[in-house]
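If you want the building blocks of each chain, they are given just below.
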Amino acid sequence: VKTIEENIRDTKLVNMEGHGRYKSIFIAPHNDDETLFGAYTIMREKPLVVIVTDSYKQALRGLPITKEERIKETEEAMKILGAEVIFLHCPDTKLNEHVLDQFKNLPIKKVYLPHPEENGNVDHNFVGKLCREIWQNEDTDMVEYSTYTSDRPYPSGKPIEPTEKEKELKMK
């Protein structure tokens with residue numbers, strides 16, 4: 001398992017001149033958030049996808065899937081969508097305000113982040129608020145994406161209209 005510093009170095013987030021390699025990043029609190037809530041954006045924009053947590057809660061609930069399986073699913077999905085992905089490997093049981101510290105000084109032009117919502121998922125809201133804090137005074141365009149809430153099991157807002165090719169890719 002790579003450290004975030006190794007991931008940043010290996011994906012060359014910043015080139016030799018100090019300019020960002022990626023025009024944008026897509027911050028996903030959990031494995032599958034990127035695909036459920038950002039597939040069409042990822043297909044079109046090709047941001048670096050950043051998965052914040054590893055899925056320990058599911059195993060603790062007795063669900064028959066491991067964090068390794070979730071990571072593999074995400075890697076496969078990103079191959080289909082045509083985007084690179086890095087994993088911060090923060091256990092979802094230990095999410096904290098320092099999990100995104102390594103991104104604070106990187107030259108990122110656009111960040112896709114979860115929109116904190118009333119009755120929203122605790123981790124989605126936490127990561128969304130943390131992203132707002134990190135990039136609020138930077139020259140970074142923040143684009144919030146909707147997830148779900150306890151009283152609305154689907155994203156809100158205007159849906160993205162996919163092309164036929166995008167529909168086919170998402171169904172793989």
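Structure shown above.
Conventions used here
- Residues numbered from 1 in each chain as written.
- Predicted model: local features only at pLDDT ≥ 70, side-chain atom pairs only at ≥ 80, totals over all residues.
- Heavy atoms only, no water.
- Core = buried A, V, L, I, M, F, W, Y, C linked by side-chain atoms within 4.5 Å.
- Buried < 20%, exposed > 50% of the residue type's maximum accessible area, 1.4 Å probe, protein only.
- Helix = DSSP H or I, 4+ residues; strand = E, 2+ residues; numbered from the N terminus.
- Contact = heavy atoms within 4.5 Å.
- Salt bridge = Lys/Arg side-chain N within 4 Å of Asp/Glu carboxyl O.
- Pairing = 2+ DSSP bridges.
- Axes fitted to C-alpha atoms, helices over the stretch in contact; angles between N-to-C directions.

## Re the nonpolar core
And step 1. With 22 residues, the main nonpolar core has Ile 25, Ile 27, Val 50, Val 52, Val 99, Leu 100 and Phe 103 as its most contacted residues.
And step 2. Secondary structure elements with two or more residues in this core: β1 (24-28), β2 (48-54), β3 (85-91), β4 (110-114) and α5 (122-135).
And step 3. Here the element with the most residues in this core is α5; it accounts for 5 residues.
And step 4. Residue contacts for Val 99: discarding those within four places in its chain leaves Val 52, Leu 88, Cys 90 and Leu 130.

## Things to note about the pattern of salt bridges
And step 1. Applying the stated criterion to the full structure yields 10 salt bridges.
And step 2. Between Arg 70 and Glu 73 there is a salt bridge, with its nearest N and O atoms 3.6 Å apart. Linking Arg 70 with Glu 73, this pair stays in helix α4 (residues 67-81), spanning 3 residues, or about one helical turn.
And step 3. Looking at Arg 70, the relative accessible area reads 5%, which means it is buried.
And step 4. Two residues, Lys 167 and Glu 164, come together in a salt bridge whose shortest N-O distance is 3.3 Å. Note that Lys 167 and Glu 164 are positioned in helix α6 (residues 164-170) at a spacing of 3 residues, about one turn of the helix.
And step 5. Classification of Lys 167 as partly exposed rests on a relative accessible area of 37%.
And step 6. Counted as one network, the salt bridges with shared partners bring together Asp 32, Arg 70 and Glu 73.

## Topic: the sheet that holds β4
And step 1. Here we have 5 strands laid out as an open sheet, ordered β3-β2-β1-β4-β5, and parallel in their pairing. Looking at the sheet topology across the chains shown, the edges are occupied by β3 and β5 (141-145). Within the sheet, the average angular offset between the axes of one strand and its neighbour, ignoring direction, is 20 degrees.
And step 2. Of the strand pairs in this sheet, β2 and β3 are connected by 5 bridges, and their pairing is parallel. Across the sheet, Val 50 pairs through a bridge with Ile 86, a residue of β3.
And step 3. Where helix α2 (residues 33-45) meets the sheet, it contacts β1, β2, β4 and β5, and its direction lies at approximately 170 degrees from that of β1.
And step 4. Contacts from α4 reach β2 and β3 within the one sheet, and its direction differs from that of β3 by about 160 degrees.

## Brief notes about the environment of Phe 26
And step 1. Relative to the assigned elements, Phe 26 resides in strand β1.
And step 2. Residue class for Phe 26 comes out buried when judged on its relative accessible area of 1%.
And step 3. The sequence separation of Phe 26 and Val 143 amounts to 117 residues, and the corresponding C-alpha distance is 9.3 Å.
And step 4. If we ignore the near neighbours within four places in the chain, the residues touching Phe 26 are Glu 34, Phe 37, Gly 38, Ile 42, Pro 47, Leu 48, Val 49, Val 50, Tyr 112 and Tyr 145.

## Here we look at the environment of Lys 110
And step 1. As for its placement among the helices and strands, Lys 110 is situated in strand β4.
And step 2. By relative accessible area, Lys 110 is classed as partly exposed at 23%.
And step 3. Separated by 30 residues in the primary sequence, Lys 110 and Thr 140 place their C-alpha atoms 5.3 Å from one another.
And step 4. In this structure, Lys 110 is in contact with Lys 23, Ser 24, Ile 25, Glu 45, Thr 140, Asp 141 and Val 143, ignoring residues within four places of it in sequence.

Any functional reading would require information beyond the geometric quantities listed.
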